[in-house]
Amino acid sequence: MKNVCRSCGFEALIETLNLGAQPLSNRFLTAPEETSEPWPMRFGYCSRCGLAQLLSTRPSESMRSQHAWLSYNEPEGHLDCLVEFLWKSSHAGSNTRVSGVTYKDDSTLERFTRRGIAGGRRLDQNKDLEIHEPLAGLETIQAKLTPELAKNIAAKQGRSNILIVRHLLEHAQNPLELLRACQELTEPSGLMAFEVPDCRKMLEGGDHCFLWEEHITYFTPATLEGVFSAAGLTDVDIQIYPYAMEDSLVAVVRNLAAPAGARVLVPGEVERIVNFSNCLKERGERIRGHLEALHRQGGKIALFGAGHLTLKFINYYNLAPYLSFIVDDNPNKQGLFMPGSGLPIVGSDWLEKHEVRLCLLGLNPESEHRVLQAKRDYLLRGGRFISVFSASKQSIDGEL
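Residues numbered from 1 in each chain as written. Predicted model: local features only at pLDDT ≥ 70, side-chain atom pairs only at ≥ 80, totals over all residues. Heavy atoms only, no water.

### Here we look at the packing of aromatic side chains
To keep it simple, the criterion reads: Any Phe, Tyr or Trp ring, taking Trp's six-membered ring, that has another such ring centre within 6.5 Å forms a pair; planes under 30 degrees apart are called stacked, those over 60 apart edge-to-face, and the others tilted. The helix count covers DSSP runs of H or I at least four residues long, the strand count covers runs of E at least two residues long, and both are numbered beginning at the N terminus. The buried label applies to any residue whose accessible area, calculated with a 1.4 Å probe on protein chains only, is under 20% of its type's maximum; exposed applies above 50%, and partly exposed to all values in between. Comment: the charge-over-ring label is applied if NZ (Lys) or CZ (Arg) is within 6 Å of the ring centre and within 35 degrees of the ring normal.
On inspection of all chains with the given rule, the structure shows nine aromatic pairs. On the basis of an interplanar angle of 75 degrees and a centroid distance of 5.8 Å, the ring pair of Phe43 and Phe276 is categorised as edge-to-face. Here Phe43 is found in strand E2 (residues 39-46), whereas its partner Phe276 is found in helix H8 (residues 269-278), with 233 residues between them in sequence. Given a relative accessible area of 1%, Phe43 falls into the buried group. Here the aromatic cluster, defined as three or more aromatic residues joined through ring pairs, consists of Phe43, Tyr218 and Phe276. The ring of Trp87 is capped by Arg115, whose NZ or CZ atom sits 5.2 Å from the centre of that ring.

### Considerations on the nonpolar core
Keep this limit in mind: Remark: nonpolar core denotes a set of buried residues (Ala, Val, Leu, Ile, Met, Phe, Trp, Tyr, Cys) joined through side-chain atoms within 4.5 Å. We call two residues in contact when some of their heavy atoms are within 4.5 Å.
Grouped together as the largest cluster of nonpolar side chains are 49 residues, with contacts concentrated most on Phe43, Leu211, Tyr218, Phe313 and Leu360. It is helix H10 (residues 308-317) that provides the largest number of residues to this core, a total of six residues. Dropping the residues within four chain positions of it, Leu211 is found in contact with Leu17, Leu19, Met41, Phe43, Met202, Tyr218, Phe276, Lys312 and Tyr316. Counting residues in hydrophobic clusters, the runner-up holds 43 residues, among them Leu55, Val165, Leu178 and Met192.

### What about the pattern of salt bridges?
Cut-off, in case you're wondering: For this analysis, a salt bridge means a side-chain nitrogen from Lys or Arg found within 4 Å of a carboxyl oxygen belonging to Asp or Glu.
Taken as a whole, this structure holds 25 salt bridges when the rule is applied. We note a salt bridge from Glu177 to Arg180, for which the minimum N-O separation is 2.9 Å. Taken as a pair, Glu177 and Arg180 lie in helix H5 (residues 175-185) at a separation of three residues, close to a single helical turn. With a closest N to O distance of 2.8 Å, Glu213 and Lys312 form a salt bridge. Of this pair, Glu213 sits in the loop between helix H6 (200-205) and strand E8 (217-218) while Lys312 sits in helix H10, and the two are 99 residues apart along the sequence. A relative accessible area of 5% means that Glu213 is categorised as buried. Each of Glu76, Arg166 and Glu195 takes part in one network of salt bridges that share partners.

### As for the sheet that holds strand E4 (residues 98-100)
What counts here: Two strands are said to pair when DSSP picks up at least two bridges between them. Axis angles are defined between N-to-C directions and span 0 to 180 degrees, where every axis is a line fitted to C-alpha atoms and, for a helix, only to the segment in contact.
Pairing is mixed across the open sheet formed by six strands, whose spatial order is E5-E4-E6-E7-E10-E9. A strand with exactly one partner marks an edge of an open sheet, and here the two such strands are strand E5 (121-122) and strand E9 (236-241). The sheet contact formed by E9 and strand E10 (residues 248-254) spans six bridges and is antiparallel. Considered in E10, the bridge of Val236 is made with Val253. Packing against the sheet, H5 makes contact with strand E6 (160-166) and strand E7 (186-197), and its axis sits at approximately 140 degrees to E7.

### Looking at helix H4 (residues 147-157)
The periodicity of an α-helix, 3.6 residues per turn, causes residues three or four places apart in sequence to face the same way. Just so we agree on the cut-off: Think of it as the arc spanned by the lines of direction from the helix axis to the C-beta atoms.
All buried positions along H4 are accounted for by Pro147, Leu149, Ala150, Ile153 and Ala154. With its buried residues spanning 155 degrees around the axis, H4 presents them on a single face. Residues of H4 that are exposed and point more than 90 degrees away from the buried face comprise Glu148, Ala155 and Lys156. Those residues of H4 that are buried are in contact with helix H3 (138-144) and H5. A positive phi of about 85 degrees marks Gly158, the residue just after H4.

So, in structure tokens, the structure goes:
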């Protein structure tokens, strides 16, 4: 790709991190010596609008999952509030047409259905999006949903009064094209609700493991509003729903065309990105030093959670030499090995069987709480849990 911002089109991207060739997070290995299609992982920002983004991206079809059982969950505690806001803002009634784009939107559409809207539906991957690969996911949807295809869909089915688009925009290799497609699916003056992760906690906490090949752009409230400005959409209401690990940003956008214009750089955006990038080396050294000291004292160290965040945590900081295995109670993952490190994935019963002294947690707060409750015997025997994430109450930062 050219050195061009995915939002404002300015040809001056600044690279702040080069993480080298990294394996795909969804390519679990069947043997530790296997390789898994490494690709350069480069991160930076636009010097005009400040949008944080990957500077090298894989072809979308190369990121397709190979496992039907692999899934990703998003926080949903705010959806009742969001639906209430959209209901009032659109003056919704029984004839309001509400649609979604991906399976991520199903739970929101269900909330509208409970309010008496019968026409809520999402795009069919096969019939509407013309995607026939059974394991295709967001990486494929963002590429297939072009303005031309959206126009054809709208001609057959009509346009929506409210369009829900949760957790797709950050996957888009061309965000402006995706926005234009969503406009084609929405009535003029209709509402579009785009939800993305708020990356400020990630950046300010130095959580480098959140950099992931499937997330192309990393939004803050200012840069999210900026991408709509670049698309000529200026009637935007940015809402922030707080969560322990990563807040949810929702942009409620009215489908009214306006002159496109790049948002000027907001103070503090670049400083946040640069500080995040500059602390990689120091944070990695401190974590390695801490684990190495524990390793020398005897006793094994494990990591709980065989997901993309823990994979990046291990690989970015070069922690494999200090870990014995990865714990995950998903039976589909057990017996496989982590990409990059080749560490085996086993069940949580291994914590007691193999006398693990420390278990790192790569889990969201809800799962973290469940593990702490379920593994009281492990804790009573002297085992310890600490989280790899800066926002956790159990964070490793407290020991560094």
